[in-house]
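# Reading the structure
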Amino acid sequence: MNKKDLHIVFGFTGEAILSQSQQISKDQGDILRFEDSLSLGPLGNLDENKDIDNRKLWFKKIPGYVELEDDSNYINIDLTKIRALVENINNYKRVHLWLGNEANEKIITARLLYHLQELSIPIFKPDFSKLEFKNIKGESINISSLQQMKEGDVLKLWKHFVELNERDKQSFTSLWERLTKEESVIHLFDKESNYISKDESFIDQYLLNRCSIQDKKSSLVVAYT
C-alpha cells in the first residue's frame, strides 16, 4: 500500500488556508483538524470521563458557548480523533504538524506527542522564526500560526519544516504531563515560551487598563486588549 503523509492543523481557518493553498495533494496527504481550545478551561486527564465532564461543565458556564447540532462537542470529537490517529498511524509514512507557537497550538502539539510517544513515525513541525512576513503596507509582522497567514505564504512555511528529535518530543510530552496535573483554567506562554498558569480573573486587569472615564463599547475594549 502506498502510504500518505498526514497533515495536522488547528481550527477551521487553519484547515481552509492549508487546503486552499493547494500545497497538499489529496493523493499524497490527508488533513486532520483539531478544534478544542486547550488554552482555556480545566484539563486534567482528558481520557477519563470525569475530567471530560468537568471541562464540558466549565465551558457551558461561558456566555456564547455553542454545542453542535447533534449535542456533540469539540472536546469529545478531538478525543475520538486522537484515538483513531493512534490506532491508524501506521497507515502514514510521516506526520506534519502545521502548528505554531500560539497557546492552543502548542498545547495540542504536546497532547498529540504524548499519545504518539511510543511510535517511531517521523514527525515534522515548522520553524516560524525562519520566515519573514509583511503586512499590506510592507511592514514586518510576527506570525506564529497558520491561521494568521495568507494562502500565498504557505509554500514559504512548507520549506521550513524540521523533524522533531527525541529531545523535542520529550519536552512536549513533559508539558502535557504537567498540564494534566494543573488545576488552573488559563494556560498561556510568554514571549520566552515560559508557561503561565492562571485563574479566570487573569485577563480582568488587561481589560480594565483599556477602560477610561469616557464611554467605550465593550467590543472595542476587548478588541484592543
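Before reading on, note that the structure itself is shown above.
Bear in mind the structure is a predicted one, so any value in this text is a computation, not a measurement.

Attention shifts here to helix α1 (residues 11-20). Every buried residue belonging to α1 is among Gly-11, Gly-14, Ile-17 and Leu-18, and all of these are buried. An end-on view of α1 places all buried positions within 95° of arc, on one side of the element. For α1, the secondary structure elements touched by its buried residues are β1 (4-10), β2 (29-34) and α5 (154-158). One or two steps after α1, the chain reaches Gln-22, where phi turns positive at roughly 60°.

This paragraph deals with the pattern of salt bridges. One pass over the full model with this rule turns up 10 salt bridges. Between Asp-36 and Arg-55 there is a salt bridge; the shortest N-O distance is 2.8 Å. Residue Asp-36 is located in the loop between β2 and α2 (49-60), and its partner Arg-55 is located in helix α2; the two are separated by 19 residues in the primary sequence. As far as the burial class goes, Asp-36 and Arg-55 line up, both buried. One salt bridge connects Lys-50 with Glu-48, and the closest N-O pair in it is separated by 3.8 Å. Put simply, Glu-15, Arg-33 and Glu-35 are held in one network by salt bridges that share partners.

Let us now look at the packing of α2 against helix α3 (residues 74-88). Between α2 and α3, whose axes approach to 10 Å, the crossing angle comes to 145°. Taken together, the residues of α3 that come into contact with α2 (itself represented by Ile-52, Arg-55, Lys-56 and Phe-59) are Ile-75, Asn-76 and Leu-79. In the contact of α2 with α3, the residues fall into 4 nonpolar, 1 polar and 2 charged.

Cut-offs and rules
Residues numbered from 1 in each chain as written. Predicted model: local features only at pLDDT ≥ 70, side-chain atom pairs only at ≥ 80, totals over all residues. Heavy atoms only, no water. Buried < 20%, exposed > 50% of the residue type's maximum accessible area, 1.4 Å probe, protein only. Helix = DSSP H or I, 4+ residues; strand = E, 2+ residues; numbered from the N terminus. Arc of directions from axis to C-beta. Contact = heavy atoms within 4.5 Å. Salt bridge = Lys/Arg side-chain N within 4 Å of Asp/Glu carboxyl O. Axes fitted to C-alpha atoms, helices over the stretch in contact; angles between N-to-C directions. Nonpolar A, V, L, I, M, F, W, Y, C, P; charged D, E, K, R; others polar.

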